Amino acid sequence: MNNVSKPDLSVKIGSVRLANPLMPASGTCGYAAEYADFVDLRQLGAFVTKSITLSPRAGNECPRIVETRAGMLNSIGLANVGLEVFLAEKVPQLQTLGIPVFVSVAGTMVEEYLAVASALEKVPVVRGVELNISCPNVKAGGILFGVDPSAVRTIVAEVRKVVQKNILIVKLSPNVTDIAATAAAAVEAGTDALSLVNTFTAMAIDIERRRPVLANATGGLSGPAIRPIAVYMVHRVYTQVARASGVPIIGLGGIQYARDAIEFLLAGATGLGVGTALFVNPRCLLEIRNGIADYLRRHGQGGITEIIGALRLGD
Ligand SMILES: Cc1cc2nc3c(=O)[nH]c(=O)nc-3n(C[C@H](O)[C@H](O)[C@H](O)COP(=O)(O)O)c2cc1C
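Everything in this summary refers to the structure shown in the same document. (Residues numbered from 1 in each chain as written. Predicted model: local features only at pLDDT ≥ 70, side-chain atom pairs only at ≥ 80, totals over all residues. Heavy atoms only, no water.)

Near the ligand lie 23 residues; those nearest to it are Ser 26, Ser 51, Lys 171, Gly 254 and Thr 276. Between the ligand and Asn 132, the relevant distance is 3.2 Å, taken from an oxygen atom to a side-chain nitrogen or oxygen of the residue. Here the ligand has 620 Å² of accessible area as a free molecule, and 97% of this is covered by the chains. Here the residues of the shell around the ligand are counted per class, giving seven nonpolar, 14 polar and two charged. (Near = heavy atom within 4 Å. Polar contact = N/O pair within 3.5 Å; in protein donor to acceptor, adjacent residues only side chain to side chain. Areas by Shrake-Rupley, 256 points an atom, 1.4 Å probe, with all protein chains shown as cover. Nonpolar A, V, L, I, M, F, W, Y, C, P; charged D, E, K, R; others polar.)

Quick look at the structure:
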């Protein structure tokens, strides 16, 4: 029996139960050590790592971040330590977190994704693999996999074969005409969960130099500027694909306050990711968690699952 004065915030992403839906967005909190000084990580629902590739990557040239009105553009280009260093140096700290760990996996070829995902099957602390097929900042692979439904089906089906112990989460690109089509392809190929959205390909120009601000010319837009589009995309994927198939959605894109997170829940998200807002207020994940609990109390609801997809349309 749910208790209205202490609402149950727990959710399930595939077979993994989270104490609450909140997690950092991949790439915004490194491998946990970078963030641990700011917040008691055990209070979060899960931790999501920076995307890992088979070999280390230096990423793109600087400047690779620029602030925009109501958001930011980044073209980090998947800078990361690579699988070997991740296993040797980052996993030991992740083992001490005490919350489920999801590792984001990226690559430029299917074989790379398979090698990293297979290695993560042997790491007990890892509970899930988030397939980043939607990074807009790398020249080969990355977004190319994520925008074509048949390419999504192929890569997800291949990775699904090796991901057994861990749950499989597919992170979708918003840089498509209809995100329900790529979501459906990932579900057909057997994903356990979907996360959406990654960043929107965008550009900023230095008008005096008449050159792009980012060394890479283009980058990915994130933060409050994208939130209404991300809410719409979660709503669309939930109503067209996820609700009927029972596949949970991790919603993200511009979440900063509890009211933003609640929009995502009502639209159909089960999990909630926060990225850009952490650069403004690293503690906002906990404030959002507490704000959701207040909302549930105010509406006399004993559990968060009661409001997932509870958007009212029509009369
Ligand atoms: C600096 C930065 C680095 C990111 N790196 C990754 C990454 O490595 N892998 C990934 O899947 N998404 C990455 N993202 C995208 C975020 O995980 C998230 O999908 C996006 O920023 C939207 O959420 P937000 O508006 O809350 O930031 C990155 C975003 C930022 C701002």
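Applying the stated criterion to the full structure yields eight salt bridges. Where Arg 42 meets Asp 40, a salt bridge forms, and the shortest distance between an N and an O atom there is 3.1 Å. For Asp 40, a relative accessible area of 30% corresponds to the partly exposed category. Residue Arg 209 pairs with Asp 206 through a salt bridge whose shortest N-O separation is 3.4 Å. (Salt bridge = Lys/Arg side-chain N within 4 Å of Asp/Glu carboxyl O. Buried < 20%, exposed > 50% of the residue type's maximum accessible area, 1.4 Å probe, protein only.)

This part takes up the pairing of strand β10 (residues 193-196). Here is the key point about a regular strand: its side chains alternate between the two faces of the sheet. Side chains Ala 193 and Ser 195 of β10 all project onto a buried face; the interleaved residues Leu 194 and Leu 196 project onto the opposite face, where all are buried too. Strand direction decides the pairing type here: strand β9 (residues 167-171) and β10, joined by three bridges, are parallel. Its bridge partner being in β10, Lys 171 is matched across the sheet by Ser 195. Once the chain exits β9 it traverses helix α6 (residues 179-188) before rejoining the sheet at β10, and the crossover so formed is right-handed. Sheet topology note: the β10/strand β15 (residues 249-252) ladder contains three bridges and is parallel. Of the residues in β15, the one forming a bridge with Leu 196 is Gly 251. (Helix = DSSP H or I, 4+ residues; strand = E, 2+ residues; numbered from the N terminus. Pairing = 2+ DSSP bridges. Right-handed = clockwise from strand over helix to strand, strands pointing away.)

Our next topic: the environment of Gly 59. Looking at the element boundaries, Gly 59 is found in the loop between β4 (47-48) and β5 (65-68). Sequence-wise, Gly 59 and Arg 289 are 230 residues apart; in three dimensions their C-alpha atoms are separated by 33 Å. In this structure, Gly 59 is in contact with Arg 64, Ile 76, Gly 77 and Ala 79, ignoring residues within four places of it in sequence. (Contact = heavy atoms within 4.5 Å.)

Turning to the side chain of Ser 51, a few remarks are in order. You can see Ser 51 is positioned in the loop between β4 and β5. A distance of 3.1 Å separates polar atoms of two side chains, one belonging to Ser 51 and the other to Asn 132. Other than its neighbours up to four places away in sequence, Ser 51 contacts Ser 26, Leu 78, Asn 80, Ser 104, Ala 106 and Asn 132.

Attention now goes to the state of the cysteines. Summed over all chains, the structure comprises zero disulfides. Cys 29 takes part in no disulfide bond, and the closest cysteine sulfur to it belongs to Cys 284, at a distance of 9.3 Å. (Disulfide = S-S within 2.5 Å.)

Glancing now at the sheet that holds β10. Spatially, β3-β16-β15-β10-β9-β8-β7-β4 is the arrangement adopted by the eight strands of the open sheet, whose pairing is parallel. Either end of the sheet is taken by a strand with one partner, and the two such strands are β3 (22-24) and β4. As paired strands, strand β7 (residues 101-105) and strand β8 (residues 126-132) are joined by five bridges and run parallel to one another. Bridged to Val 103 within β8 is Val 129. With respect to the sheet, helix α5 (residues 149-162) is in contact with β8 and β9, its orientation differing from that of β9 by roughly 160 degrees. (Axes fitted to C-alpha atoms, helices over the stretch in contact; angles between N-to-C directions.)

The next thing to look at is the packing of helix α2 (residues 82-94) against helix α3 (residues 110-120). Where α2 meets α3, the axes come as close as 11 Å, and the angle between the chain directions of the two elements is 15 degrees. Taken together, the axes of α2 and α3 are roughly parallel relative to one another. As for the relative orientation of α2 and α3, their crossing is right-handed in sense. In this structure, α2 uses Leu 83, Phe 86 and Leu 87 to contact α3, whose residues at the interface are Ala 115, Val 116, Ala 119 and Leu 120. Of the residues that constitute the contact of α2 with α3, the class distribution is seven nonpolar, no polar and no charged. (Parallel < 35°, antiparallel > 145°, perpendicular 65-115°, else oblique. Left-handed = near helix turned anticlockwise from the far one by under 90°.)

Moving on to unusual backbone geometry. A cis geometry characterises the amide bond from Cys 62 onward to Pro 63, with omega recorded as -5 degrees. With respect to the helices, strands and loops of the structure, Pro 63 is situated in the loop between β4 and β5. Look at Leu 78: it is not a glycine, yet its phi comes out positive at around 60 degrees. Along the polypeptide, Leu 78 turns up in the loop between β6 (71-74) and α2. Overall, Leu 78 belongs to the buried group, its relative accessible area being 4%.

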